[in-house]
Amino acid sequence: MSAEDIARDPQDDPGPVCGSGPLPLEGIRVLDLNSGAAPHCGQFLAVFGAEVVLVEPPSAKASRSDLAWAAFNAGKKSVALDVSTSEGRLRLDELVGTCDVVIDSDRTGISDFDPRAENPSRIHITVSDFGLSGPRAGWTASELVAQAAGGLLYLSGDSDHPPAEVGFPVATSVSGGQAACAVLIALVQRRRTGEGARIDLSRQESVANLQFTNHFTARAFGLRGGRGDAPLTTEKGQIRRRTIWDCADGTVTWNLWTGRGWGRKNIPFFEWLRDEGVPEAEELLARDWDHMDRSELTPELLEHVHRVVGDFFKRNSKAAVKRAALARKLLLYVIHDMRDVATDEQLLDRRAFREIDLPDGKTLPSIGTPVRSSAYSVEVSRHVPAYGEHTKAILEDWAANPAAAPRRVEGASPGHLPLEGLKVLDFCWLVVGPLTTKYLSMFGADVARIEFRGRPCAVRLTGPYPKGRPSMNGGTTFVSINTGKRSVGLDMAHPLARDVLFRMAEKADLITENFTPGVMQRAGLTYEAFRKVRPDTIMMSLSMQGQTGKRAAQPGLGNHLQALCGIDYVTGHPEGLPQGPSGVLPDFLGPWISVTALLAALEHRHRTGEGQYIDISQYEAIMMYMQPLLLEYGLTGVRPERRGNASLTASPHGVYPLRGEDRWIAIEAETDEQWRRMHALLPSESAARFPAELSVEQRIEMRADLDKAIAAWSADHDGEALMTRLQEAGVPAYTVSDGLEVIADPQLEFRDHFVFREHASLGMQAIDAPSFRFDNIEPRFEAGPLYGAQTAEVLEAWLGMDADEMAELIAAEAIVL
């Protein structure tokens, strides 16, 4: 069937899809014992229909006043059990005996615990700070320390201050999202083979997954990386490219772009300046930014641009910037605070807010729709359970109605990858979309990546370039982001190529895209069109702000999303500008919700035979991780501000200097016992000034003086030695690892976090592994493809296309190699 044979209403719009069918994980029972290490794992499984039971010891009552606890545990059921008693342990074993999935952590503190001992079809995942194996497996990490150990902290904040903790619990959040993906992969495997799985997830690796482009740059060129405004030394001199700017009533983010495909992005912005009467705009428009390499920027040119742009922004309000950015489709965004988020027209247009009912009777607004599905309604429950609220009901119900034993439905033999046989037609580009399909490929799916040389993926033309120059096959980032995929060179706009795409869609189980909304519609490549050739197709559109709403079509990249959802605003030092991590953090946070949504959709199709359309807004998905800040604003009416590395609940809690330039260590005493152990290591003068008996409240009151004393002590130490001493004493601590240190980290090296594979153009290249390890599933690691290299083999394998037809398509320039 050709594209022209498929009737399409030009007004077709998938709209804010929201189905009403059964959720895909209904009937799956999950026991959540993870003690707060990764609460999103259970929550994500719950929003897709699993019954998630949170087992809470008496000590858990103390954490319930934290808004983060409420945000991340809404939708779960609470069972109060003191597992240190024989009665509590007996009840726990009974619950384990009738569930499908057990989530725990290295903080659970339950000895002789093996949920799979009597039932190997059960899935057991442990989320630990550094993984269950390796030289640092017994070390401990707080949120701050996990950010340091994974390389994220070094890139956060402004370069005039010490590195600053990202202003929301990113390590805790992303490890939970990754854990949910791991559980769903294991559920697919169990359905195919009857086997369960033992899963080992490292929070350090979860964080390392968030900024691996920095690590690859370090490996390629021996560079440490740096914060977003860090000065760069070039042969033209030292330059500092600003990305954060003051405006009349707030801050905005805008980049000066250079290089092929990027430099032209400056033009609409400079046209705005010209239309507003800025005299220097004509000269800036006359420059050939598209053919200017970053190394050609001079300090004088940058200073000139910064002065012109800085003065212009100071004359404009946030509202004026928003209006112009939307009207002109500029890569320019206001840096939102939580007040901006709570009143954002785009979120209101999409009805993204839901209310959450706290156990104390308060009702607060939150983001309730991480995924829009045409098959079922995916919403975070508004109910936050009271302590032990469901104890009696769950103990009685689970005992009376044991979970059905899983059957090996598909008859696959153990040892096969769980997604083998799955075909994915992948239109994704840049980062978040390709990362989503990367994890499908790693676990067995055949991902056919559609590319066109005339409009190459920007990541193909983004460094680092080991051979020193941009080229279609010369960047290391593309190699890892597109692990194991096959590249098909087609001109999507060509009628013959579109015929080929619809023939491929007839064979595809999943169709994925993350273009700006409207691109696929204008090409006639819509869900309604694809569904006519395969009724049970599953299509996912993953965009920055969703498929609907006033700003849906506004273009943007990861750093713009970082501004939009408030990450920039809450990260950094109070006396400095807002400055989230350099790079594109949101693009590395987003895939875990999209992978979870796709795997859940496959489970739904397996149960019902029904396909679906999925609309994911990265903005809304990332706000799931930032719910505590939104709830804080709803509760107090006061927007959360940057705190640097200060904590409201712990002291010491900070980043302290080490011997050497720009060397730091993150240290946190989460408990009074950890403070006493740290106190024993302090020099006598400091130990006398700050007694071991100080309570956490007293230490917080003395924070400024205590931090100065620790900084004076740490500055005389080598980082490795001090970190080891503190960890051996049981104090969470880690050097603030840069890109070079992450690549060489002995724990990551032991766990093979970076896998090396041969690339046809670049030689041996690094691929970052997932943060989770299965006892019976080994992911497939293959270097990302050369452009169009598998066109012939994919078209032959999927469509049975012969050489003559391919030659005709090449001659017609529908296939572009």
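Keep in mind that this is a model prediction, so the values were computed, not measured.

Thoughts on the environment of I244
Move 1: Tracing the backbone through its elements, the reader meets I244 in strand β9 (residues 244-247).
Move 2: Among the residues examined, I244 registers a relative accessible area of 4% and is labelled buried.
Move 3: Taking the C-alpha atoms as reference points, I244 and V334, 90 residues apart in sequence, are found 9.7 Å from one another.
Move 4: In this structure I244 touches T251, V252, T253, I335, D568, L577, P578 and Q579, once residues within four positions along its chain are discounted.

A short note on the packing of helix α15 (residues 432-442) against helix α22 (residues 591-608)
Relative orientation and spacing of two packed helices are given, respectively, by the angle between their axes and the distance between those axes.
Move 1: At a minimum axis distance of 9 Å, the contact between α15 and α22 shows a crossing angle of 50°. Here α15 lies oblique to α22, going by the angle between them. Pair α15 / α22 crosses with right-handed handedness. Where α15 abuts α22, its residues V432, L435, T436, Y439 and L440 lie against P591, W592, S594, V595, L598 and L599.
Move 2: Taken together, the residues of the contact of α15 with α22 break down into nine nonpolar, two polar and no charged.

Re the sheet that holds strand β10 (residues 250-254)
Sheet strands pair via backbone hydrogen bonds, and the direction of the pair is either parallel or antiparallel.
Move 1: Taking strand neighbours across the sheet as the criterion, the three strands line up as β9-β10-β11 in an open arrangement whose pairing is antiparallel. The open sheet has two free edges, formed respectively by β9 and β11 (332-334), since each of these has just one partner strand. Along the sheet, successive strands turn relative to each other by an average axial angle of 30°, direction set aside.
Move 2: Pairing between β10 and β11: three bridges, direction antiparallel. From the neighbouring strand, W254 faces β11, where its bridge partner is L332.

Topic: unusual backbone geometry
Move 1: In this structure, P652 follows S651 across a cis peptide bond, with omega equal to 0°.
Move 2: Here P652 is to be found in the loop between α24 (627-636) and β21 (653-657).
Move 3: The backbone of K329 sits at a positive phi, close to 55°, despite the residue not being glycine.
Move 4: When you line up the elements, K329 lands in the loop between α11 (318-328) and β11.
Move 5: With a phi angle near 55°, D662 is a residue other than glycine that sits in the positive phi range.
Move 6: Judged by its relative accessible area of 27%, D662 is partly exposed.

Looking at the sheet that holds strand β23 (residues 733-735)
Move 1: Pairing within the open sheet is antiparallel, and its three strands lie in the order β21-β22-β23. The two strands at the open ends of the sheet, each matched to only one other strand, are β21 and β23. Between one strand and the next, the sheet's axes are offset by a mean angle of 20°, whatever the strand orientation.
Move 2: Relative to β23, strand β22 (residues 664-668) is paired through three bridges, and the arrangement is antiparallel. Looking across to β23, one finds that I665 is bridged to T735.
Move 3: Helix-sheet contacts for helix α29 (residues 719-728) involve β22 and β23, and the interaxial angle to β23 is about 165°.

Side note on the nonpolar core
Move 1: Judged by nonpolar contacts, the single largest core of 213 residues is most densely connected at L45, F427, M504, L589, M626, L726 and F774.
Move 2: Among the elements that make up this core, the one with the highest residue count is helix α5 (residues 170-193) (13 residues).
Move 3: In contact with L726, other than residues within four places in its own chain, are I665, I667, M678, L681, W713, V731 and A733.
Move 4: Core analysis: the second largest hydrophobic core is formed by 29 residues, V252, F269, L284 and V321 among them.

Focus: the side chain of T791
Move 1: Tracing the chain through its elements places T791 in helix α32 (residues 791-799).
Move 2: Filtering out sequence-adjacent residues up to four positions away, T791 remains in contact with S487, V488, G489, I815 and L817.

Quick word on the pattern of salt bridges
Move 1: If you walk through the whole model with that rule in mind, you get 56 salt bridges.
Move 2: The residue E87 makes a salt bridge to R91 at a minimum N-O spacing of 2.1 Å. Of this pair, E87 and R91 are both found in helix α3 (residues 86-96), four residues apart, which corresponds to roughly one turn of the helix.
Move 3: Owing to a relative accessible area of 46%, E87 belongs among the partly exposed residues under this scheme.
Move 4: Among the residues examined, R91 registers a relative accessible area of 17% and is labelled buried.

Quick look at the confidence of the model for the protein
Move 1: The predicted model of the protein has a mean per-residue pLDDT of 93, with 96% of residues at 70 or higher.
Move 2: Predicted confidence for residues 1-15 stays below pLDDT 50, and this span has 24 contacts to residues more than four positions away or in other chains.

Remarks on the packing of α5 against α22
Move 1: For the pair α5 and α22, the least separation of the axes is 9 Å and the interaxial angle reads 25°. Here α5 lies roughly parallel to α22, going by the angle between them. Judged by the twist between their axes, the crossing of α5 over α22 is left-handed. Contact with α5, carried on its side by V174, G177, Q178, A180, C181, L184, I185 and R191, involves W592, V595, T596, L599, E603 and H606 of α22 and no other residues of that element.
Move 2: Across the contact of α5 with α22, the residue classes tally to eight nonpolar, four polar and two charged.

Cut-off values and rules
Residues numbered from 1 in each chain as written. Predicted model: local features only at pLDDT ≥ 70, side-chain atom pairs only at ≥ 80, totals over all residues. Heavy atoms only, no water. Helix = DSSP H or I, 4+ residues; strand = E, 2+ residues; numbered from the N terminus. Buried < 20%, exposed > 50% of the residue type's maximum accessible area, 1.4 Å probe, protein only. Contact = heavy atoms within 4.5 Å. Axes fitted to C-alpha atoms, helices over the stretch in contact; angles between N-to-C directions. Parallel < 35°, antiparallel > 145°, perpendicular 65-115°, else oblique. Left-handed = near helix turned anticlockwise from the far one by under 90°. Nonpolar A, V, L, I, M, F, W, Y, C, P; charged D, E, K, R; others polar. Pairing = 2+ DSSP bridges. Core = buried A, V, L, I, M, F, W, Y, C linked by side-chain atoms within 4.5 Å. Salt bridge = Lys/Arg side-chain N within 4 Å of Asp/Glu carboxyl O. pLDDT = per-residue confidence, 0-100.

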